Amino acid sequence: MESLNFSGLDNKDFKEDSVREFIIAVLLKELGFVDRDLKNPKPLELALSLKITSPTILGSNEKITFTRFPDYVLYVDCKPHCVLDAKAPKVKIDWQSKAERQAFYYAINPELKAPFYALCNGESFMLFATNGQSLLKEFSCEELFANGFKNKSFALLRQYLTTPLESLKQTLAQDAKTPQKSEEWYLNRELPRAIVNPKKQAKARYFGCTAYFTRQSWDIVTQNIKNFTDKGDVVLDPFGGSGVSAIEAMVNGRIGIHTDLNPLSIFMAKALSVKVDLSALYDLGEEILKEFENLKPKNEKEAKEILKGAKYYPNALDSEFGEIATQKQQDFQEMSFCQRGAMWIAF
Ligand SMILES: C[S@@+](CC[C@H](N)C(=O)[O-])C[C@H]1O[C@@H](n2cnc3c(N)ncnc32)[C@H](O)[C@@H]1O
């Protein structure tokens, strides 16, 4: 099958089924996956169109009820390892595409909790890490088939899809290790450019949610980490404070070590870096949405009724609900806030 002509993918008859039959099935066979047999399990198994019972949420308010199942679940040593979905050529399968979101929610499903998920549209084979929802590698299908599968891309795909998670982590950490840097290396390093407007308070960053008194700007910290270390290096901040150094280190693929005299600093750094059970988080999200659906106003009248009792609603000038608070009312509320502030300062 290595003779598959990839230019044929443009043919309108080459659909999702063809991707399954001529590309994915061939790759999985070559990797050594066999049909799952619960009575006589093998190290590499696959389940086709596995039925998942829990519902899934896509995005914050769009709900998907299952009309179909993940095309393939790959098992390594009997543990779900990767969820793989097939798509027709030209269907978008990159990060944040609808297909990617759907595969991610399959992967975090409590019945699976697969560490990887992947999509293949016959042109590309995209492999994602569930924890972190990040693209690990985009393979070109043509490259994977090249030279009768004797190529680097296929070897890497084999490593990801067939190595048990723990051994894979060790191998990848080993690969990421760089030689120790000398003092000279650090001293000869060019200093990064000064950041004129540091993003100390940037809400999008997790540090926006803590108020530790020493908090440094994350973008300055991250820039220095990138400049003075490589992936896999260790970054130690013995006076870690808000945790910015250790966390930015982790975000950038380094190992972060955080210590501090202050237990509050340790508490916060731990809370910011704790491993999240994505399935539990997903269940919680679903519960919140359900509650929101129950409580949200069903029409303008109900919305107005709810807002009647509210003392301050600056965003109420919303086109959906009409002008609920007048500008005068809002200005008045603003003023009393300031006055209160001034009173506090004077006090
Ligand atoms: C300047 S702040 C750290 C700044 C940090 N990079 C940040 O962005 O938040 C200094 C920190 O050192 C801690 N500290 C002070 N003396 C210490 C000591 N002897 N051992 C460990 N931590 C100490 C303090 O509790 C404080 O959190």
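Predicted, not measured: the structure shown is a model, and the values here were computed from it. (Residues numbered from 1 in each chain as written. Predicted model: local features only at pLDDT ≥ 70, side-chain atom pairs only at ≥ 80, totals over all residues. Heavy atoms only, no water.)

1. What to know about the packing of aromatic side chains
Consideration 1: By the definition in use, this model includes 10 aromatic pairs.
Consideration 2: In this structure an aromatic cluster arises from ring pairing among Phe 104, Tyr 105, Tyr 117, Phe 128 and Tyr 282.
Consideration 3: The positively charged end of Lys 181 is found above the aromatic ring belonging to Trp 185, 5.0 Å away from the centroid. (Phe/Tyr/Trp six-rings, centres within 6.5 Å; stacked < 30°, edge-to-face > 60°. Lys NZ or Arg CZ within 6 Å of the ring centre and 35° of its normal.)

2. A word on a nonpolar patch on the surface
Consideration 1: A cluster of nonpolar residues, Val 274, Val 276, Leu 281, Leu 284 and Ile 288, forms a patch on the protein surface that exposes about 460 Å² of accessible area.
Consideration 2: Along the chain, the position of Leu 284 falls in helix 10 (residues 278-295). (Patch = residues over 30% accessible without salt bridge, like charges linked within 9 Å, V, L, I, M, F, W, Y side chains within 5 Å. Areas by Shrake-Rupley, 256 points an atom, 1.4 Å probe, with all protein chains shown as cover. Salt bridge = Lys/Arg side-chain N within 4 Å of Asp/Glu carboxyl O. Helix = DSSP H or I, 4+ residues; strand = E, 2+ residues; numbered from the N terminus.)

3. A few points about the sheet that holds strand 7 (residues 116-120)
Consideration 1: Strands sit in the order 1-2-5-6-7-8-9 across an open sheet of seven strands; the sheet is mixed. Whereas interior strands pair on both sides, the edge strands pair on one side only; in this sheet they are strand 1 (34-35) and strand 9 (134-140).
Consideration 2: Bridging between strand 6 (residues 79-86) and strand 7 involves five bridges; their strand directions are parallel. Within strand 7, the residue paired with Asp 85 across the bridge is Leu 119.
Consideration 3: Lying over the sheet, helix 1 (residues 16-31) contacts strand 2 (44-48), strand 5 (72-76), strand 6, strand 7 and strand 8 (124-129), oriented at roughly 150° with respect to strand 6.
Consideration 4: Sheet strands touched by helix 2 (residues 98-107): strand 6, strand 7 and strand 8. Its angle to strand 7, the strand with the most contacts, is close to 145°. (Pairing = 2+ DSSP bridges. Contact = heavy atoms within 4.5 Å. Axes fitted to C-alpha atoms, helices over the stretch in contact; angles between N-to-C directions.)

4. Quick look at the site of the ligand
Consideration 1: Lining the immediate surroundings of the ligand are 14 residues, of which Tyr 212, Thr 214, Gln 216, Ser 242 and Asp 260 lie closest.
Consideration 2: At a separation of 2.8 Å, an oxygen atom of the ligand approaches a polar backbone atom of Ser 242.
Consideration 3: At a separation of 3.0 Å, a nitrogen atom of the ligand approaches a polar backbone atom of Leu 261.
Consideration 4: Considered on its own, the ligand offers 600 Å² of accessible surface; in the complex 66% of this is hidden by protein.
Consideration 5: Looking at the shell around the ligand, its residues break down into five nonpolar, six polar and three charged. (Near = heavy atom within 4 Å. Polar contact = N/O pair within 3.5 Å; in protein donor to acceptor, adjacent residues only side chain to side chain. Nonpolar A, V, L, I, M, F, W, Y, C, P; charged D, E, K, R; others polar.)

5. Things to note about helix 8 (residues 244-251)
Consideration 1: Counted residue by residue, helix 8 has six buried out of eight residues, so it is predominantly covered.
Consideration 2: Listed as buried for helix 8 are Val 244, Ser 245, Ala 246, Ile 247, Glu 248 and Ala 249.
Consideration 3: Packed against the buried residues of helix 8 are helix 7 (218-228), strand 10 (234-237), strand 11 (255-258) and helix 9 (263-273).
Consideration 4: A positive phi of about 80° marks Gly 253, the residue just after helix 8. (Buried < 20%, exposed > 50% of the residue type's maximum accessible area, 1.4 Å probe, protein only.)

6. Some words on the environment of Gly 240
Consideration 1: Relative to the elements of secondary structure, Gly 240 occurs in the loop between strand 10 and helix 8.
Consideration 2: Classification of Gly 240 by relative accessible area gives buried; the value is 5%.
Consideration 3: As a C-alpha pair, Gly 240 and Asp 260 span 20 residues in sequence and 5.6 Å in three-dimensional space.
Consideration 4: Ignoring anything within four residues of it in the chain, the contact list for Gly 240 reads His 258, Thr 259, Asp 260 and Ser 265.

7. Thoughts on the packing of helix 1 against helix 4 (residues 152-162)
Consideration 1: Running from N to C, helix 1 and helix 4 point in directions that differ by 75°, and their axes come no closer than 11 Å. In this view, helix 1 runs roughly perpendicular relative to helix 4, as classed from their interaxial angle. For the pair helix 1 and helix 4, the contacting residues are Leu 27, Glu 30 and Leu 31 in the first and Phe 154, Leu 157, Arg 158, Leu 161 and Thr 162 in the second.
Consideration 2: In terms of residue class, the contact of helix 1 with helix 4 is built from five nonpolar, one polar and two charged. (Parallel < 35°, antiparallel > 145°, perpendicular 65-115°, else oblique.)

8. What to know about the side chain of Asp 233
Consideration 1: Relative to the elements of secondary structure, Asp 233 occurs in the loop between helix 7 and strand 10.
Consideration 2: For Asp 233, a relative accessible area of 11% translates into the label buried.
Consideration 3: A polar side-chain atom of Asp 233 sits 2.8 Å from the main-chain amide nitrogen of Asp 230.
Consideration 4: The residues touching Asp 233, leaving out its near neighbours within four places in the chain, are Thr 178, Lys 181, Arg 254 and Ile 255.

9. A word on helix 1
Every α-helix winds through 3.6 residues per turn, so residues three or four apart in the chain are directed the same way.
Consideration 1: Taking 1.5 Å as the rise per residue, helix 1 with 16 residues should run 22 Å; its terminal C-alpha atoms sit 21 Å apart, in good agreement.
Consideration 2: Approximately 35° is the largest bend angle found in helix 1, and it occurs at Ile 24.
Consideration 3: If you check which residues of helix 1 are buried, you get Ser 18, Val 19, Ile 23, Ile 24, Val 26, Leu 27, Leu 28 and Leu 31.
Consideration 4: Gly 32, located one to two residues past helix 1, shows a positive phi value of around 100°. (Expected span 1.5 Å × (residues − 1). Bend = angle between axes of the 7 residues up to and from the residue.)

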